Every structure is written in C-alpha cells, then in structure tokens.
Amino acid sequence: VKKAAIGKDVERDRVLSTAEIIEFFQKLPNAGLAETSQFALLIQFATITRIGEVLGAKWAHVDLVHGQWILPETKNGERLEVILSDFVIDQLTRLKEITGATAWLFPAAQVKKDQPDFVDHVCEKTVTKQCGSSRTARRWIRLKRTWLS
C-alpha cells in the first residue's frame, strides 16, 4: 500500500514548549530506560539525526578529538557530516566507556544464532519500545523542531 493511497502527508505545526523540553530532561534519568537508551535519545536530540542513524553508528565514524561524526549513507542515500557539540562529545565519551570495545556505539545484546562471532548494532525497536510508543520518531522530530525555532 502506498502512502498516497492512505492519505495526505501532513506537516505538523505543534512544537514543544520550553517547559516541556525542561520536563523531558528532568524526567529522562528516572524514566526506567536503559542507560544506553538514554544516551541514544540524548545524542539523537542534540544532533538532530534519525534514531536509526544513531543506533547504527560505528565508533570508526566518530572522531571525538575533532568533534565530528560521519554518516557514510543516510536514509536519503547521502553522506552526512555532523559537527558534535561539547554536550554530545560528553555523552559519547561516557557511552564509549560502556560500548567502546565493540565496533558499534549501540551493539546488540544478543548475537545471531547462525553467526555467534558476529555482533550487530541494536535494533531501532529496542529503544522505541522502551519509550512506549510507535510515534516516538515523530515526537522527537517535533522536539528537535522546537529546539531550532
């Protein structure tokens, strides 16, 4: 089924208020999410990237010294260079203490049965299920638009 057959693609106008953004940052540490999921959401928010791009990132593409993260191929097929803020560098430095021994920023906890030596990145649904909503991505986009407005 094509999107056009379902309905119009409507741009949302609502953005989060400053109070809602503050509330998010206050509640995140006690939201019951895994620590790595909290890092993923904070990095996604601060870099304005897709959750799949964050969760599929490799340490080889992150340069903490120069504050740069290269996404070799994004959803639209293009290469993207993300300049990292001090906040993101701090989050990534803390994350590297947990997952830095693997190729992925967010490695999967379980290995594939047919490839026991192969470690993949965590599935996007792992984080979105913890957030309790299938609309998480749209809410993050709204949060990011708010931050930029």
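Residues numbered from 1 in each chain as written. Predicted model: local features only at pLDDT ≥ 70, side-chain atom pairs only at ≥ 80, totals over all residues. Heavy atoms only, no water.

What follows is about the packing of helix α3 (residues 35-47) against helix α5 (residues 86-99). Running from N to C, α3 and α5 cross one another at 155°; their axes reach a closest spacing of 10 Å. It follows from the interaxial angle that α3 and α5 lie roughly antiparallel. Note that α3 runs across α5; the crossing there is left-handed. Along the contact surface, α3 presents Glu-35, Thr-36, Phe-39, Leu-42, Ile-43, Ala-46 and Thr-47, while α5 presents Phe-87, Val-88, Gln-91, Leu-92, Arg-94, Leu-95, Ile-98 and Thr-99. When its residues are assigned to classes, the contact of α3 with α5 shows 9 nonpolar, 4 polar and 2 charged. (Axes fitted to C-alpha atoms, helices over the stretch in contact; angles between N-to-C directions. Helix = DSSP H or I, 4+ residues; strand = E, 2+ residues; numbered from the N terminus. Parallel < 35°, antiparallel > 145°, perpendicular 65-115°, else oblique. Left-handed = near helix turned anticlockwise from the far one by under 90°. Contact = heavy atoms within 4.5 Å. Nonpolar A, V, L, I, M, F, W, Y, C, P; charged D, E, K, R; others polar.)

What follows is about the pattern of salt bridges. Enumeration according to the criterion identifies 2 salt bridges in this entry. Among the salt bridges present, the one from Lys-27 reaches Glu-23, with a minimum N-O distance of 2.7 Å. Here Lys-27 pairs with Glu-23, and both are found in helix α2 (residues 18-27), just 4 residues apart, close to one helical turn. Using a relative accessible area of 51% as the deciding quantity, one classes Lys-27 as exposed. Judged by relative accessible area, Glu-23 falls into the partly exposed class, the value being 35%. Of the charged contacts, one joins Arg-50 and Glu-53 as a salt bridge, the two residues approaching to 3.1 Å between their closest N and O atoms. For Arg-50, a relative accessible area of 40% translates into the label partly exposed. (Salt bridge = Lys/Arg side-chain N within 4 Å of Asp/Glu carboxyl O. Buried < 20%, exposed > 50% of the residue type's maximum accessible area, 1.4 Å probe, protein only.)

One broad trend across soluble globular proteins is that nonpolar side chains are buried collectively. Ile-43, Trp-69, Leu-84, Leu-92, Leu-95, Leu-105 and Phe-106 are the most contacted members of the largest nonpolar core, which has 24 residues in total. Listed by contribution, the elements that provide at least two residues to this core are α3, α4 (51-55), β2 (68-71) and α5. In terms of residues, this core owes the most to one element, α3, which gives 5 residues. (Core = buried A, V, L, I, M, F, W, Y, C linked by side-chain atoms within 4.5 Å.)

Moving on: the environment of Ile-83. With respect to the element layout, Ile-83 can be found in strand β3 (residues 80-83). Between the C-alpha atom of Ile-83 and that of Gln-68, which follows or precedes it by 15 residues, the distance is 4.8 Å.

With 13 residues, α3 should reach 18 Å at 1.5 Å per residue; the first-to-last C-alpha distance of 18 Å fits that figure. Within α3, 10 of the 13 residues are buried, leaving the element largely enclosed by the surrounding structure. Buried residues of α3: Ser-37, Gln-38, Phe-39, Ala-40, Leu-41, Leu-42, Ile-43, Gln-44, Phe-45 and Thr-47, and no others. Positive backbone phi, approximately 55°, marks Ile-48, located one or two places after α3. (Expected span 1.5 Å × (residues − 1).)

Moving on: the pairing of β2. Bridging between strand β1 (residues 62-63) and β2 involves 2 bridges; their strand directions are antiparallel. Paired with Val-62 across the two strands is Trp-69, which belongs to β2. The antiparallel pairing of β1 with β2 creates a hairpin that spans 4 residues between the two strands, and Gly-67 there sits at a positive phi of about 65°. (Pairing = 2+ DSSP bridges.)

All quantities given are derived from atomic positions and should not be read as evidence of function.
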